Amino acid sequence: MEWFEEWFDSKYYHILYKNRNDEEAKSFIDYLVTEIDLKKEAKVLDLACGKGRHSQYLSTLGYHVKGVDLSKNSIEEAKKLKGEHLSFEVQDMRNSFAENEFDLVANLFTSFGYFDSLSENLTVLRNIENMMTEDGCFVIDFMNVEKVIRTLKADGDIDIDGVNFKITRRIEQGNIIKDIHINDKGEKFHFQEKVQALTIDNFKELINKTDLIIDKFYGDYKLSNFDADVSDRLIIVGSKW
Ligand SMILES: C[S@@+](CC[C@H](N)C(=O)[O-])C[C@H]1O[C@@H](n2cnc3c(N)ncnc32)[C@H](O)[C@@H]1O
């Protein structure tokens, strides 16, 4: 099993990240829909939606939202959310499951660069392109790896709900690797996160190989300009040729 199939679907992932910031997610969506001027009732695909925090908020703004994720547990949780024109299903972003359908395809909070080969990134981008309407728009919200690498904190140790998480981070062969050692009342588990350290140039190169175009890069959830030295995020907004 691949790391991302195992880790994101485990109960420990949900314990470790249970306090994910919903307010920040909502505020980001407010900035985003204003910036791209997303029309009322637009169709939105939240690609790798997790438990659906962005999807739900988008639906409260009147958009027609589909959230998809590979993790069955996350989708089960997401389905408990109530909203008009809001649906969730299990899907793999390596497959295209719609055609010319979405006015916005959003891939949020570092849900990219998980696969072993770079060519799978290209598959995901081509699927995004295929699922967008002709005048649709895409957003990829990734970390600013240049800053992440510069400020990498090697170790962490945290107790949540009686579970101990020991986390070590390193850069190896172009990947940012996080090892997570878990001690749950004496029972031990190990998971790993492995995300390709994709820079702005890597994204430009990848996107150039598709029929997508980059409209703008942003550097945080308030959509400030991207600056590799200081930005926390690398947020790419684009459209189709
Ligand atoms: C860092 S989380 C972000 C989740 C969500 N966007 C959020 O902001 O809370 C990454 C998500 O990508 C999903 N994922 C990983 N590989 C996937 C794939 N091949 N297809 C669809 N989703 C995938 C994981 O299950 C996980 O929910």
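Below: a short report on this structure. Since we're looking at a predicted model, the values are computed, not measured.

Quick look at the site of the ligand now. Surveying the vicinity of the ligand reveals 22 residues, the closest of which are A48, R53, D69, D92 and M93. In the model, a nitrogen atom of the ligand is placed 3.2 Å from a nitrogen or oxygen of the L70 main chain. Protein contacts shield 97% of the accessible area of the ligand, which totals 590 Å² for the unbound molecule. For the shell around the ligand, the class distribution of residues is 11 nonpolar, 6 polar and 5 charged.

Right, let's talk about the sheet that holds strand β9 (residues 187-196) for a bit. Reading across the sheet, the 4 strands line up as β6-β7-β8-β9 and stay open at both edges, with antiparallel pairing between neighbours. The strands lining the two open edges of the sheet, one partner per strand, are β6 (155-160) and β9. Taking each pair of neighbouring strands and ignoring which way they run, the sheet shows an average axis angle of 20°. In this structure, strand β8 (residues 175-184) lies alongside β9, joined through 10 bridges in antiparallel fashion. Bridged to H181 within β9 is H190.

Once that is clear, we can look at the pairing of strand β3 (residues 86-90). Direction of pairing for strand β2 (residues 64-69) relative to β3: parallel, over a ladder of 5 bridges. When the bridges of β3 are listed, K66 appears paired with S87. For the crossover from β2 across helix α5 (residues 72-78) to β3, the handedness is right-handed.

Structurally, K82 is set in the loop between α5 and β3. Taking the C-alpha atoms as reference points, K82 and R150, separated by 68 residues in sequence, lie 41 Å from one another.

How two aromatic rings sit relative to each other is set out by the distance from centre to centre and by the angle between their planes. Overall, the coordinates contain 14 aromatic pairs when judged by the stated rule. Pairing W3 with F4 gives two aromatic rings, centres 5.7 Å apart and planes at 90°, and the pair type is edge-to-face. Comparing W3 with F4, the two get one shared label, buried. A centroid spacing of 5.0 Å and a plane angle of 35° characterise the contact between Y12 and F189, whose relative ring orientation is tilted. Of this pair, Y12 sits in helix α2 (residues 11-16) while F189 sits in strand β9, placing them 177 residues apart in sequence.

Take the nonpolar core next. Within the largest apolar cluster, 50 residues are counted, with the highest numbers of intra-cluster contacts made by W7, F112 and F165. Formed jointly, this core draws a minimum of three residues from each of two domains, domain 1 (3-144 + 198-240) and domain 2 (148-194). Residue contacts for F112: discarding those within four places in its chain leaves N107, N121, V124, L125, I140, F142, V195, L198, F203 and L206. Counting 27 residues, the second largest nonpolar core, distinct from the first, contains V33, I36, L86 and I235.

A separate point is helix α8 (residues 200-208). Those residues of α8 not exposed but buried are I200, F203, L206 and I207. Here the buried residues of α8 occupy an arc of 125° about the axis, which is enough to place them on one side. Exposed and facing more than 90 degrees away from the buried side of α8 are D201 and N208. Where α8 is buried, its residues meet α6 (118-131), β5 (132-143), α7 (145-150), β10 (212-218) and β11 (233-240).

With respect to topology, 7 strands assemble into an open sheet ordered β3-β2-β1-β4-β5-β11-β10, the strand pairing being mixed. The open sheet has two edge strands with one neighbour each: β3 and β10. For this sheet, the mean angle separating the axes of adjacent strands, direction not counted, is 20°. Bridging between β10 and β11 involves 6 bridges; their strand directions are antiparallel. Residue Y218 lies in a different strand from β11, and its bridge partner there is I235. Where α6 meets the sheet, it contacts β1 (43-47), β4 (102-107), β5, β10 and β11, and its direction lies at approximately 145° from that of β5.

Among the 10 residues that make up β8, 8 are buried, leaving the element largely enclosed by the rest of the structure. In the sheet, strand β7 (residues 163-172) pairs with β8 via 10 bridges, with the strands oriented antiparallel. Within β8, the residue paired with K166 across the bridge is H181. Linking β7 to β8, which pair antiparallel, is a turn of 2 residues; within it Q173 sits at a positive phi near 45°. Hairpin connection from β8 to β9: 2 residues lie between these consecutive antiparallel strands, with K185 at a positive phi of about 50°.

Procedures and definitions
- Residues numbered from 1 in each chain as written.
- Predicted model: local features only at pLDDT ≥ 70, side-chain atom pairs only at ≥ 80, totals over all residues.
- Heavy atoms only, no water.
- Near = heavy atom within 4 Å.
- Polar contact = N/O pair within 3.5 Å; in protein donor to acceptor, adjacent residues only side chain to side chain.
- Areas by Shrake-Rupley, 256 points an atom, 1.4 Å probe, with all protein chains shown as cover.
- Nonpolar A, V, L, I, M, F, W, Y, C, P; charged D, E, K, R; others polar.
- Pairing = 2+ DSSP bridges.
- Helix = DSSP H or I, 4+ residues; strand = E, 2+ residues; numbered from the N terminus.
- Axes fitted to C-alpha atoms, helices over the stretch in contact; angles between N-to-C directions.
- Right-handed = clockwise from strand over helix to strand, strands pointing away.
- Phe/Tyr/Trp six-rings, centres within 6.5 Å; stacked < 30°, edge-to-face > 60°.
- Buried < 20%, exposed > 50% of the residue type's maximum accessible area, 1.4 Å probe, protein only.
- Core = buried A, V, L, I, M, F, W, Y, C linked by side-chain atoms within 4.5 Å.
- Domains from an automatic or database assignment.
- Contact = heavy atoms within 4.5 Å.
- Arc of directions from axis to C-beta.

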